[in-house]
Amino acid sequence: MPDFIARMPKAELHLHIEGTLEPDMMFELAARNSVELPFDSVEEVRAAYEFTDLQSFLDIYYQGAAVLRTTADFRDLMWAYLERAASDGVRHAEMFFDPQTHTERGIGFEVFMAGFAEARERARVELGVTSLLIMCFLRHLPETAAFETLDAARPYLEHIAAVGLDSSEVGHPPEGFERVFAMARDAGLRVVAHAGEEGPPSYITGALDSLGAERIDHGVSCEQDDALVARLAAEGIPLTMCPLSNVRLRGIARIEDHNLRRLMDRGVKVTVNSDDPSYFGGYVADNYRAVQQGLGLSHTDLATLARNSIEASFLDDEAKEALLAEIAEMAISD
Ligand code: ADE
Ligand code: ZN
């Protein structure tokens with residue numbers, strides 16, 4: 001089963017590049033850039049990854065990102081992720097980045113976009129992994145800051161496929177970002193949004209109706225609203241779920257309680273992703289393994305999840321067909 005999971009062609013659609021910063025690299029970059037860390041060892045860092053909710057994680061995640069300063073840092077970070085993802089059978093990755101985390105520290109788009117471009121091109125050529133970038137607005141900051149971010153991104157829009165919305169969810173409903181998402185759509189960007197990770201189902205409806213989200217990142221709380229589940233299924237709106245993240249941030253007590261399988265059974269197009277793998281103890285194949293074991297998924301279920309990930313991606317039809325054909329060729333029997 002584990003080998004089957006790693007061999008299955010898949011897309012990863014919910015991955016924060018800043019959340020792939022492994023403790024070893026954090027120390028390496030801190031030394032390279034003379035940044036003081038509040039930790040003395042890799043073990044101490046790992047011990048600090050004991051989260052009680054989303055905010056307790058975000059505080060440490062933003063602190064960790066402070067070691068990222070140069071184009072080489074962003075390149076090395078992204079290359080390490082893409083290389084790791086390739087070994088998990090990821091053939092296409094749609095990766096979030098949080099520009100405001102960097103621009104607030106005086107690190108501009110020219111720095112991180114150059115590093116991302118270098119790593120993505122190398123991954124395409126050397127690993128056969130294609131990728132897209134999704135620029136997230138931080139929802140704990142005002143919409144005016146999101147407008148400034150969209151403006152700063154203008155020279156780089158050909159390298160950005162979509163916009164997203166992340167950071168502290170509760171108290172920051174999607175409606176507050178309606179205008180900036182409209183402007184992003186006008187600029188030709190696709191739209192996704194985090195919703196229903198800790199927030200209520202109304203945030204999911206808001207992401208769809210106010211922002212025009214084409215996919216919902218997480219979407220766990222949709223199950224509290226039967227009409228919403230029916231809508232997600234009927235409209236084929238994908239959920240990019242992150243099971244290990246939900247357990248580590250205590251939105252769900254145990255992997256066995258995760259609603260991913262129940263939602264699949266109700267016809268929702270669910271996908272499996274890793275969110276912030278360095279912080280949550282697992283990359284994408286680990287997430288597939290966790291739900292396979294915790295929820296008793298069959299080979300057929302796993303193939304459905306992999307197919308969903310390709311269909312829910314922003315790849316063109318030709319690229320989707322090629323990857324779906326590879327999945328179809330795998331010998332799948334339960
Ligand atoms: N930023 C990074 N990971 C996140 C998550 N799981 N939810 C919201 N914002 C995030
Ligand atoms: Zn996320």
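It should be noted that the structure appears before, not after, this text.
An account of the accompanying structure is given in this report. No experiment lies behind these values; they were computed from the predicted model shown.

The rules behind the values
Residues numbered from 1 in each chain as written. Chains lettered and ligands numbered in written order. Predicted model: local features only at pLDDT ≥ 70, side-chain atom pairs only at ≥ 80, totals over all residues. Heavy atoms only, no water. Helix = DSSP H or I, 4+ residues; strand = E, 2+ residues; numbered from the N terminus. Rg over C-alpha atoms; globule rule 2.2 N^0.38 Å. Buried < 20%, exposed > 50% of the residue type's maximum accessible area, 1.4 Å probe, protein only. Contact = heavy atoms within 4.5 Å. Areas by Shrake-Rupley, 256 points an atom, 1.4 Å probe, with all protein chains shown as cover. Lys, Arg positive; Asp, Glu negative; His and termini not counted. Charge placed at Lys NZ, Arg CZ, Asp CG, Glu CD. Phe/Tyr/Trp six-rings, centres within 6.5 Å; stacked < 30°, edge-to-face > 60°. Donors = N, O, S within 2.8 Å, 3.2 Å for Na, K, Ca; no water. Tetrahedral: all angles 85-135°; square planar, octahedral: opposite > 155°, others 65-115°. Pairing = 2+ DSSP bridges. Axes fitted to C-alpha atoms, helices over the stretch in contact; angles between N-to-C directions. Polar contact = N/O pair within 3.5 Å; in protein donor to acceptor, adjacent residues only side chain to side chain.

Looking only at helices and strands, the protein has 17 helices and eight strands in total. Scaling as 2.2 N^0.38, a compact globule of 334 residues should have a C-alpha radius of gyration of about 20 Å, and the protein matches this with 19 Å. With the principal axes as the frame, the protein shows a C-alpha extent of 55 × 40 × 40 Å. Taken across its 334 residues, the protein has 57% of its residues classed as buried. Considering only contacts within the protein whose residues lie at least 6 apart along the sequence, 76% involve residues at least 24 apart. A total accessible area of about 12800 Å² is found for the protein, and carbon and sulfur atoms account for 49% of it. Side chains of the protein carry 29 positive and 57 negative charges; the gap between the two charge centres is 3 Å.

Looking now at the packing of aromatic side chains. Taken as a whole, this structure holds 17 aromatic pairs when the rule is applied. Residues F51 and F280 carry aromatic rings whose centres are separated by 6.2 Å and whose planes lie at 90° to one another, so their mutual orientation is edge-to-face. Placement of the pair is F51 in the loop between α3 (42-48) and α4 (54-64) and F280 in helix α14 (residues 277-280), with a sequence separation of 229 residues. You'll find F51 and F280 in the same group, each marked buried.

Around the zinc ion (ligand 2), the protein contributes the donor atoms H14 (NE2), H16 (NE2), H194 (NE2) and D275 (OD), at 2.1 to 2.3 Å from the metal centre. Each of the four donor atoms bound to the zinc ion (ligand 2) contributes to angles spanning 82 to 174°, and the resulting shape is irregular. For the zinc ion (ligand 2), all donor residues lie on one chain, and their spacing in sequence is H-x1-H-x177-H-x80-D. With a relative accessible area of 4%, H16 lands in the buried category.

Reading across the sheet, the eight strands line up as β1-β2-β3-β4-β5-β6-β7-β8 and stay open at both edges, with parallel pairing between neighbours. Each end of this open sheet is capped by a strand with a single partner; those strands are β1 (10-16) and β8 (270-272). Within the sheet, the average angular offset between the axes of one strand and its neighbour, ignoring direction, is 25°. Inspection of the sheet shows strand β5 (residues 190-195) paired to strand β6 (residues 215-218) by four bridges, in the parallel sense. From the neighbouring strand, A195 faces β6, where its bridge partner is H218. The sheet strands contacting helix α15 (residues 284-295) are β1, β2 (90-97) and β8, and the helix crosses β8 at an angle near 120°.

To continue, consider α4. Considered for burial, the residues of α4 that qualify are L54, F57, L58, I60, Y61 and G64. Those residues of α4 that are buried are in contact with β1, α2 (23-32), α3 and α14. In this structure D53 caps α4, since a side-chain oxygen of it lies 3.4 Å from the backbone nitrogen of Q55.

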